[in-house]
Structure formats: C-alpha cells, structure tokens
Amino acid sequence: MSDTRVAATLTYAGTAKPPADTVVPVDPAGLVLTLDVPPGVELRRAALTVQAPGDDVTVDVTPGATLATSTGKSVLNAAETLTWLSLDWGVRRPLLSLELQPKNDTKKGRLSVAEGGPWYPPTPSDTVSLGLVEALPGLMASRLMVELVEATSTPAAPGAPKTLAATAISGVTARAAARPADLSATLGTGTLFFHHAMPLLPRQELTLGDALGTALQRAWPADLAGGKLAVTLRSSALGMLERVRLTLETLAVIRTWTGGQEALTLAMDTDGEVVGRATVPPGQPLSEVRFTVAHRPRDERLSLAPRPPALPPLAHRCGSGFAAAQAFSAPEDGGALVGLDLHLRPLTRGVKGTLALFPDAHGRPGDVPLKGSTLELDFVEKGPPPWPARWVSLQLPRPVTLGPATWWAVLTVTEGDVLWSLAPLDGAPAPGVLGPLTALYRAEEAGPWLPREAPTQDGGTTARLWACTRPRLKATAAQPPPPPQVRLRWGTRVLDVTPGQDGVVSLDTAALAALTPPGGTGDGPPLEVLVRSRVAGEVTLSAPRVTSPRGDAYALFPRK
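Before going into details, it helps to say that this report is about the structure given with it. Note that the structure is a prediction, hence the values are computed from the model and not measured.

Calculation rules
- Residues numbered from 1 in each chain as written.
- Predicted model: local features only at pLDDT ≥ 70, side-chain atom pairs only at ≥ 80, totals over all residues.
- Heavy atoms only, no water.
- Phe/Tyr/Trp six-rings, centres within 6.5 Å; stacked < 30°, edge-to-face > 60°.
- Helix = DSSP H or I, 4+ residues; strand = E, 2+ residues; numbered from the N terminus.
- Buried < 20%, exposed > 50% of the residue type's maximum accessible area, 1.4 Å probe, protein only.
- Lys NZ or Arg CZ within 6 Å of the ring centre and 35° of its normal.
- Arc of directions from axis to C-beta.
- 1 Å grid on protein atoms, 1.4 Å probe; cavity = no way out; pocket = protein on both sides within 12 Å on 5 of 7 lines; lining within 4 Å.
- Points joined across faces, edges and corners; volume = space filled by probe spheres on them.
- Nonpolar A, V, L, I, M, F, W, Y, C, P; charged D, E, K, R; others polar.
- Contact = heavy atoms within 4.5 Å.
- Polar contact = N/O pair within 3.5 Å; in protein donor to acceptor, adjacent residues only side chain to side chain.
- Salt bridge = Lys/Arg side-chain N within 4 Å of Asp/Glu carboxyl O.
- Core = buried A, V, L, I, M, F, W, Y, C linked by side-chain atoms within 4.5 Å.
- Pairing = 2+ DSSP bridges.
- Axes fitted to C-alpha atoms, helices over the stretch in contact; angles between N-to-C directions.
- Lys, Arg positive; Asp, Glu negative; His and termini not counted.

### Re the packing of aromatic side chains
Part 1: Overall, the coordinates contain two aromatic pairs when judged by the stated rule.
Part 2: For the pair phenylalanine 328 and tryptophan 407, a centre-to-centre distance of 4.9 Å together with 25° between the ring planes defines the contact as stacked. Taken together, the residues phenylalanine 328 in strand 25 (residues 323–328) and tryptophan 407 in strand 31 (residues 407–415) connect sequence positions 79 residues apart. Neither residue differs from the other here; phenylalanine 328 and tryptophan 407 are each classed as buried.
Part 3: The aromatic ring of tryptophan 119 is capped on one face by arginine 143, whose charged end is 4.5 Å from the ring centroid.
Part 4: Seen from the ring of phenylalanine 379, arginine 390 lies directly overhead, with NZ or CZ sitting 5.2 Å from the centre.

### Overview of helix 1 (residues 210–219)
Part 1: Those residues of helix 1 that sit buried are Leu212, Gly213, Ala215 and Leu216. The arc that holds the buried residues of helix 1, viewed along the axis, is 165°, so those residues lie on one side. Away from the buried face of helix 1 by more than 90 degrees, exposed residues Asp210 and Arg218 are located.

### Some details on empty space enclosed by the protein
Part 1: What the rule picks out here adds up to one cavity of 30 Å³ or more.
Part 2: In this structure, the largest cavity spans a volume of roughly 40 Å³.
Part 3: By residue class, the composition of the lining of the largest cavity is three nonpolar, four polar and one charged.

### Things to note about unusual backbone geometry
Part 1: Of note, the bond from proline 385 into proline 386 is cis; its omega dihedral lies within 30 degrees of zero at 0°.
Part 2: Secondary-structure assignment places proline 386 in the loop between strand 29 (375–380) and strand 30 (390–401).
Part 3: Cis geometry is adopted by the peptide bond preceding proline 558, which originates at phenylalanine 557 and carries an omega value of -5°.
Part 4: Inspection of the secondary structure assignment puts proline 558 in the segment after strand 42 (537–557).
Part 5: Of note in this structure, alanine 543 is not a glycine but carries a positive phi near 50°.

### Looking at the environment of tryptophan 449
Part 1: When you line up the elements, tryptophan 449 lands in the loop between strand 33 (436–442) and strand 34 (450–451).
Part 2: It is 9.5 Å that separates the C-alpha atoms of tryptophan 449 and alanine 439, two residues lying ten residues apart in sequence.
Part 3: What tryptophan 449 contacts, discounting residues up to four positions off in sequence, is Ala323, Ala324, Ala325, Arg364, Pro365, Val410, Leu440, Tyr441 and Arg442.

### Points about the side chain of threonine 270
Part 1: Tracing the sequence through the fold places threonine 270 in the loop between strand 20 (263–268) and strand 21 (272–278).
Part 2: Here aspartate 341 takes part through its side chain, which lies 3.3 Å from a polar atom of the side chain of threonine 270.
Part 3: Setting aside anything within four residues of it in sequence, one finds threonine 270 in contact with Leu302, Asp341, Arg470, Arg472, Ser533, Arg534, Val535 and Ala536.

### With respect to the pattern of salt bridges
Part 1: Scanning all chains against the criterion turns up 27 salt bridges.
Part 2: For aspartate 552, the salt bridge identified is with arginine 5, shortest N-O distance 3.4 Å. With a gap of 547 residues between them, aspartate 552 in strand 42 and arginine 5 in the segment before strand 1 (7–12) connect regions that are remote in the sequence.
Part 3: On the basis of relative accessible area, aspartate 552 is assigned to the buried category, the value being 9%.
Part 4: Glutamate 528 is paired through a salt bridge with arginine 277; the nearest N and O atoms lie 2.9 Å apart. Of this pair, glutamate 528 sits in strand 41 (residues 527–533) while arginine 277 sits in strand 21, and the two are 251 residues apart along the sequence.
Part 5: The exposure class of glutamate 528 is buried, given its relative accessible area of 11%.

### Side note on the nonpolar core
Part 1: Counting 40 residues, the largest nonpolar core has Leu216, Val244 and Leu246 as its most contacted members.
Part 2: By size, the runner-up hydrophobic cluster in this structure holds 35 residues, among which are Leu340, Phe379, Leu411 and Leu465.

### Brief notes about the sheet that holds strand 15 (residues 191–196)
Part 1: Strand order across the open sheet formed by five strands is 1-3-17-14-15, with antiparallel pairing between neighbours. Both edges of this open sheet fall to strand 1 and strand 15, since each of them pairs with a single strand only. Taken over all neighbouring pairs, the strand axes of this sheet differ in orientation by 20° on average, direction set aside.
Part 2: In this fold helix 1 packs onto strand 3 (31–37), strand 14 (183–187), strand 15 and strand 17 (227–234), with an angle of close to 145° to the strand it touches most, strand 17.

### Focus: the side chain of aspartate 182
Part 1: Looking at where aspartate 182 falls in the secondary structure, it is placed in the loop between strand 13 (171–177) and strand 14.
Part 2: Arginine 93 provides the closest opposite charge to the buried, unpaired aspartate 182, separated from it by 8.6 Å.
Part 3: Those residues in contact with aspartate 182 that lie beyond four places of it in its chain are His196, Ala197, Met198, Arg234, Ser235 and Ser236.

### Brief notes about the environment of proline 180
Part 1: For proline 180, the position within the fold is in the loop between strand 13 and strand 14.
Part 2: In this structure proline 180 comes out as buried when scored by relative accessible area, which is 0%.
Part 3: When the C-alpha atoms of proline 180 and leucine 411 are compared, they prove to be 91 Å apart, with 231 residues separating the residues in sequence.
Part 4: Apart from residues lying up to four places away in sequence, proline 180 is in contact with Val26, Ala52, Pro199, Leu200, Ser235, Gly239, Met240 and Leu241.

Structure (structure tokens):
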C-alpha cells in the first residue's frame, strides 16, 4: 500500500536573519509547520517540542523599537545634543548589553527601565559608559531610558531635581536574549489553540501536547481523505529557537478490501473456503481488525466430508466401457438427498455421462434408478493436461427421499474418461449414520459388478476401498447447517476468530497479539480473512476496518 507517513516541513514566513546557523527565527510573521497527510491516516496523538537558546544568543531590539529623545525627534543626529533618549520595543525582554556612540569619557548614561508602568532604576548598577558595549544583567523590561550625565555625578537625592548634561549621541544598540518573549500557535487561517505569555527561560523546552493534538484532530481531513494542515508559531517580537521537534502517533486505517471494495460477496462450494484480502502496511503491528461476516448457506447439511489429495494414488476408471458404483448406508431418519459431489480427475478434456441413484438389490445396485435421481454429467476442462482431481458438484432437481435401506450412486461415462478417487474404507459406519459402504465396478454395460479392493503392504490380504463422494442432505430444524469457521491469516500466522451474533468480528490489540507482522522485505503479504463452511452457499465480507499504528519523530530544526 502507499506510504502512510505524514510528511512534515518547517518554513519561516518572515525576513529576519538568524544570528547563527544553530537557531531559527520566530516572530509575528510566523514559523510554519506544514503537515501533508496521506489518505487513510488517522491521528491519535501529536506533540511539538521547542527549545529556546541560551543567553549566549542575542538579538538587537533597536531596529523594531520606538525611539524618543529630549529633542522631540525619533532619529539620532551626531550634530545635535540631547539629554535623554528612550527605546520602547513593546514586550518584556531580558536586556543583556547596551552600546551608546560616540565614545565620551566625560559623560555617562544613567539607566531606567519600565514594563509598561513607571520608570525605576535597575540594580546592581544604573550607569553605563559611552562608546563601549556594556554588559547588562538580563534586565527584564519593555522600555529603556538613558539619561546623559557627567561621569563624576552622583544620583540626585530623592525629590531633588536631576542635573543632565547635553551630549551628542549618534547611535544606540540594545541587545536582548534571543529566547522568544512569548509564543502562540494557530491552526489554519488563525484558530488560536495555544499561548504562552511569559518569556521562555534559557534553554527551556516547551511542549505543545494535548492542545496541539486536539486542534489537529478537529481539523484533520474529513473522511480520512488526506490533505494539508498548517500550524503557525508566532512571537510578538523577534526571537529564536534552537530546536523544533514533532512527534506523531497515527493509524493507517484500511476500510476496503484489496481492490477497493467495501463489501465482497463470494460463492462458496461444499466444504469449501473463500478468502477476503486487505492490503496492510508491511512490518507494522495491527491494533484493530473489524469486519462483518454474513453467511447464507444452502439449506443443506454435510454428514460426510472426505478430503482426498489432488492426485489420489487409487481411483476407479470410468469410461471406455467401465462404470463404477458406490454404496451408502441410510441415516436413521432417512432424510432427503439434495445433491452429491464426486471427486473426479478427467483424463480427457471433455467428459459426458450420467450419475444415477439405485436402491440396493442383494448387495448390488438394483435395475431401476430411484425416481428423479438421474443426473447429467457434462464438463470441459480448461488449460493444458494433466488435470488434477477436483470436486464436481451435481444438484438434484428436487430432493430424493432416502429410505432406511442401503442405496447406490452409479457413475456411467459415455464420452471421454475420468478417474473417480478411491480411499481406504475404515470399517462400517455407525448404525443410523449415512456413511460409505462397498465400492464396485464393472467392465461392460451388462457385466457383473465386482468389488474394488487394493492389495495391502503385506501382500496377503486386501484393503477395502470406497469412491470419494459427498452426499448432501436437506437441512432440518433439528440439524441446521453449521456456522462457518472464520480465521485470520497474515503470512504464516493464523488466528481463529468467532463472529458475534450480528456477524461482527472485532479484535483489539490484545486479541491480535499472536498475529505478529511477517518478516521479509517489500510490500509484504496481505491480511486474509478465511471463511470455511461444510455446506455451499454465499458469504459477504463487509465493513472492514483494519488499523496499524505507527510513531514518527521529525527533527524539523536542526534538520538532520
């Protein structure tokens, strides 16, 4: 079957450049995870794990920040002096460094930070030199103010007016930790299903588990038709992730038989077997097998079911003047015979003749057949010879009532030649049970009937034989047709199953434990449903559902 693995790709929708190859950007533009779901795949669980980088990875917050100055301008000009400037980047971020240009040893910058409220001085130090990259201790803020003062000045006492020194500032660079300031996830065109409002900690792992699984299941392609889904990760400001990993637990769901049918209706021969096949993923276990069996047998019962080989070592020859007869004991309640199956091997491509039922006359077939019991035998073989022996079914036009006495089936071939398979006769049947008795043959139409016996291995005695036949009796309320035998086969493993009263077979993981995946390479064998019945009829296999679990892990970033 086609590949059941969901394809996953990660793409960045924005334009920011990551500061290193070991991280991937996430910002308002979005980091998009696209899932390409093949048909017939059902989602069980999903988890997306992201990891923030350490604080050795930083981003410049200045380009996206709002700049304000004491001159009322939003840009810096080296030809103008100012007494303060502020940056507002909108979200809480840990500041790690600040650089003010140009260098000026007589001036310093006094810092204040805010998180949407009043300004307050940071600790342990609130001043920075000009012209240097000054490290900051991860100041958590959404705004920064720099007031320019003399290098020798001390902070003013509370309530005293500040003394600021006008200074030319040509550039400012503020760098924050690259870990995202927050993280949200949307599905499709904007259905928000996850939001983490706080800045991620250094190297923190954040897992979207149940929320992601629930969102994906709601949007999963209808009727398992397959399709694409998009999950977008966003942060309100530029951030970086050093790892994005997806895990999916899915089910390959097979809902048709091999060939695409949702229901199979199969004709079943007497004592025959039919097979329904489902193509399943190779090398993977099964977690569920469910289907419905509807058995519609003929109104028959089979009291005798021999299973001779395809090439029996002994057989009657019928044709070219030879005829054969097989005696049967009658069941205690008589019963009505509706048909017979003969195990025959044709020696010529075409065979014609008759099969007739006779009453017993002193251990031999009588002279007059039972009324309505003469059947035409007429079949033509296909393919090249030699042909194997097989069951040839003959149906009486109406049931023939069997009396309490022995009766005979006599085969006469008028065109061609055929072998009627013989098997050893293991004693006499129990009283009141339909069973095989003597086998006879004759070499000419009016010749005597002779017993068919075979020498035994010791050569001193003879073994009694009988001609392999399956008499079919009309079923009664007291003896209805037996239920079919249902089995599952996968490779060499076979599992017997029992349908419920409604015909449903439902097996879970525990019940399927013995049905392990076949080994080998390639597509592998199909899962087969085998239905065997002692009586002919019709079987419908419908509503299949076979599931095969798989787990996939995707290293979306860093890509391997």
